[in-house]
Amino acid sequence: MPSSTSSTDLSIRFATTESSSYDSHSFSDEPGNVSHYMQLLEDIPEDAHDPTDIGTWIQRAELQMLQLFGKELVALIDRSIQEINREHGQARGASEMRRLLKLAVVITMLPTSPDLLPVILRLYATLGTFPIDQLNGITKELRKCVRKILRRVCSLSQTQSGLYHVAQRGGVHKITLYVMNYVKFLWEHDSVINNIIAYQADGESENGEEWTQVDSFVQHFIGRLDALLERMARHESMMGLECISLLNNAHFILNRLRKLEVKSALQQDWILRYENQVKHQITRYLELSWLPVMSCLDAHTPTQALFPCFHLPLTTRFYEMLESTCAEQQNWRIEDPKLRNNVRKAVSSHVVQCYQAHLQKKGMKLHKYIPQEIENKLMELFQG
């Protein structure tokens with residue numbers, strides 16, 4: 001039987017969603033119409049192994065033209081696979097199979113693109129069910145394409161426009177969504193990808209990779225993402241916002257990892273690692289953003305102790321810093337509602353407890369805020 005995996009199952013948009021990366025539609029209205037080159041493709045004999053004209057054009061074509069051509073080519077491949085799946089008996093899909101081989105040769109000529117991985121896997125799975133003499137050479141080229149794609153995507157090279165913009169107010173970055181969508185796809189199709197990766201152990205791969213299975217690739221992949229997120233977080237204007245950015249992204253990764261089907265002993269290590277990251281960033285955020293506010297109530301800070309007459313009353317300075325910090329951080333963003341509520345409660349617990357202790361110690365009866373009012377104020381943080 002040809003592969004039972006449908007094109008819908010394998011289709012993704014890695015950049016921002018999990019919907020289909022390629023839609024089957026006409027490009028007649030697109031700038032730089034590709035109809036001439038599609039005709040050139042159709043004119044290649046079905047048994048041709050050297051479609052020179054297409055190969056020469058691909059080398060010279062502009063990126064936009066190649067993207068349009070690639071989308072149309074994917075649609076042709078999917079239609080051909082569907083026709084093969086509908087045929088029965090010994091003569092099943094013989095003509096479509098020759099056509100599919102031709103399309104496979106052409107797709108291996110296109111520049112390496114992470115978005116081509118789904119259709120290449122569909123091709124590989126379908127071609128693997130047919131005992132055709134010319135098959136070995138084609139499947140070897142497809143395996144090379146898959147390994148090139150994995151190396152490219154793991155490098156996180158800045159070729160995807162818009163993915164490397166720092167999210168506003170500490171939110172989840174597009175590159176995080178991109179990587180975790182890719183991880184989800186790889187995990188769902190680990191069997192065929194592991195089969196492809198295994199060939200590098202037989203000397204087919206030109207360069208040794210740091211990964212030999214999908215799980216070791218994912219471990220390397222999210223490690224590269226972590227390093228990138230750390231660098232991107234340094235662009236935040238405030239240390240507290242840097243923590244919120246890393247917290248949002250670590251929590252998003254953690255939730256995605258928890259949803260993966262259990263297939264590897266490495267998964268529990270990943271989950272524990274990101275649970276610790278989430279806890280660490282919350283603790284670090286409290287220290288950087290709120291310890292300075294609470295320290296206003298400490299009369300034993302060096303300058304307060306030496307020159308008390310030159311300083312505002314402790315509570316006055318505390319109120320000023322509380323109000324300015326709340327105003328600033330109200331527009332910061334924690335995207336997950338449960339996480340947002342937990343961080344708010346952590347801030348409230350520390351600050352209100354410190355304030356109550358100060359009031360009791362000083363025996364103060366007249367003050368600007370009662371503890372409940374401060375708690376209410378803090379529960380309005382992160383609404384951005």
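Rules and cut-offs
Residues numbered from 1 in each chain as written. Predicted model: local features only at pLDDT ≥ 70, side-chain atom pairs only at ≥ 80, totals over all residues. Heavy atoms only, no water. Helix = DSSP H or I, 4+ residues; strand = E, 2+ residues; numbered from the N terminus. Buried < 20%, exposed > 50% of the residue type's maximum accessible area, 1.4 Å probe, protein only. Areas by Shrake-Rupley, 256 points an atom, 1.4 Å probe, with all protein chains shown as cover. Phe/Tyr/Trp six-rings, centres within 6.5 Å; stacked < 30°, edge-to-face > 60°. Salt bridge = Lys/Arg side-chain N within 4 Å of Asp/Glu carboxyl O. Contact = heavy atoms within 4.5 Å. Core = buried A, V, L, I, M, F, W, Y, C linked by side-chain atoms within 4.5 Å. Expected span 1.5 Å × (residues − 1). Polar contact = N/O pair within 3.5 Å; in protein donor to acceptor, adjacent residues only side chain to side chain. Axes fitted to C-alpha atoms, helices over the stretch in contact; angles between N-to-C directions. Parallel < 35°, antiparallel > 145°, perpendicular 65-115°, else oblique. Left-handed = near helix turned anticlockwise from the far one by under 90°. Nonpolar A, V, L, I, M, F, W, Y, C, P; charged D, E, K, R; others polar. Arc of directions from axis to C-beta. pLDDT = per-residue confidence, 0-100.

Caption draft 1: Quick peek at the overall build of the chain. Along the chain, the regular secondary structure elements total 17 helices and 0 strands. By residue count, 47% of the 384 residues in the chain fall in the buried class. Summed over all atoms, the accessible surface of the chain reaches about 19600 Å², with 49% contributed by carbon and sulfur.

Caption draft 2: Spatial organisation of the packing of aromatic side chains. Overall, the coordinates contain 10 aromatic pairs when judged by the stated rule. Considering the side-chain rings of Trp211 and Phe217, the 5.1 Å spacing of their centres and the 90° angle between planes classify their relative orientation as edge-to-face. Each of the two residues, Trp211 as well as Phe217, counts as buried. Aromatic ring contacts, followed pair by pair, group Tyr178, Tyr182, Trp211, Phe217 and Phe221 into a single cluster.

Caption draft 3: Expanded view of the pattern of salt bridges. Considering all chains together, one arrives at 10 salt bridges under this definition. Glu141 is the salt-bridge partner of Lys144, the closest N and O atoms lying 3.6 Å from each other. Here Lys144 and its partner Glu141 are both found in helix H7 (residues 135-155), 3 residues apart, which amounts to about one turn of the helix. Between Lys368 and Glu323 there is a salt bridge; the shortest N-O distance is 2.7 Å. One end of the pair, Lys368, is in the loop between helix H16 (337-362) and helix H17 (371-378); the other, Glu323, is in helix H15 (residues 314-329), and 45 residues separate them in sequence.

Caption draft 4: Structural detail: the side chain of Gln267. When you line up the elements, Gln267 lands in helix H12 (residues 266-289). Gln267 gets classed as buried once you look at its relative accessible area, which sits at 5%. Excluding residues within four positions of it along the chain, Gln267 makes contact with Trp187, Leu260, Glu261 and Val262.

Caption draft 5: Expanded view of the nonpolar core. Core analysis: the biggest nonpolar cluster contains 106 residues, and Leu127, Tyr285, Trp290, Phe318, Leu322 and Leu378 have the highest contact counts within it. Top element by residues in this core is helix H10 (residues 214-233). It accounts for 10 residues. The residues touching Phe318, leaving out its near neighbours within four places in the chain, are Val293, Cys296, Leu297, Val351, Tyr355 and Ile374.

Caption draft 6: Spatial organisation of unusual backbone geometry. A positive phi angle is found at Phe382, which is not glycine, with a value near 65°. Structurally, Phe382 is set in the segment after H17.

Caption draft 7: Summary view of H16. With 26 residues, H16 ought to run about 38 Å at 1.5 Å a step, and its terminal C-alpha atoms sit 37 Å apart, in line with that. Those residues of H16 lying buried are Leu339, Val343, Arg344, Ala346, Val347, Ser348, Val351, Val352, Tyr355, His358 and Leu359. Buried residues along H16 sit in contact with helix H11 (239-259), H12, helix H13 (291-294), H15 and H17. Two or three places before Lys338, at the opening of H16, Asp336 has a side-chain oxygen 3.2 Å from that residue's backbone nitrogen. Residue Gly363 follows H16 closely and has a positive phi angle near 65°.

Caption draft 8: Layout of the packing of helix H4 (residues 63-86) against helix H5 (residues 94-107). Two elements in contact, H4 and H5, have axes separated by 10 Å at closest approach and are oriented at 155°. In this view, H4 runs roughly antiparallel relative to H5, as classed from their interaxial angle. Like other packed secondary-structure pairs, H4 and H5 cross with a definite hand, here left-handed. When H4 is examined against H5, the residues Phe69, Leu73, Leu76, Ile77, Ser80, Ile81, Glu83 and Ile84 are found in contact with a partner set consisting of Glu96, Met97, Arg99, Leu100, Leu103, Val106 and Ile107. Looking at the contact of H4 with H5 residue by residue, the class counts come to 11 nonpolar, 1 polar and 3 charged.

Caption draft 9: View of the packing of H5 against helix H6 (residues 117-127). Contact geometry of H5 with H6 gives a least axis separation of 11 Å together with a crossing angle of 140°. Compared by their axis directions, H5 and H6 come out oblique. Between H5 and H6 lies a crossing of left-handed hand. Where H5 abuts H6, its residues Met97, Leu100, Leu101, Ala104 and Ile107 lie against Val119, Leu123, Thr126 and Leu127. In the contact of H5 with H6, the residues fall into 8 nonpolar, 1 polar and no charged.

Caption draft 10: Broad picture of H17. If you check which residues of H17 are buried, you get Pro371, Ile374 and Leu378. Axial view of H17: buried residues confined to an arc of 60°, hence all on one face.

Caption draft 11: Representation of the confidence of the model for the chain. Averaged over every residue, the pLDDT of the chain is 80; residues scoring 70 or more account for 73%. Confidence scores differ between elements of the chain, with helix H1 (residues 7-10) showing the lowest mean pLDDT of 38 and H12 the highest of 97. Across residues 1-13 the pLDDT falls below 50, and counting only partners more than four positions away or on other chains, this stretch makes 39 contacts in the model. In the predicted structure, residues 16-32 sits below a pLDDT of 50 and forms 39 contacts with residues beyond four places in sequence or in another chain.

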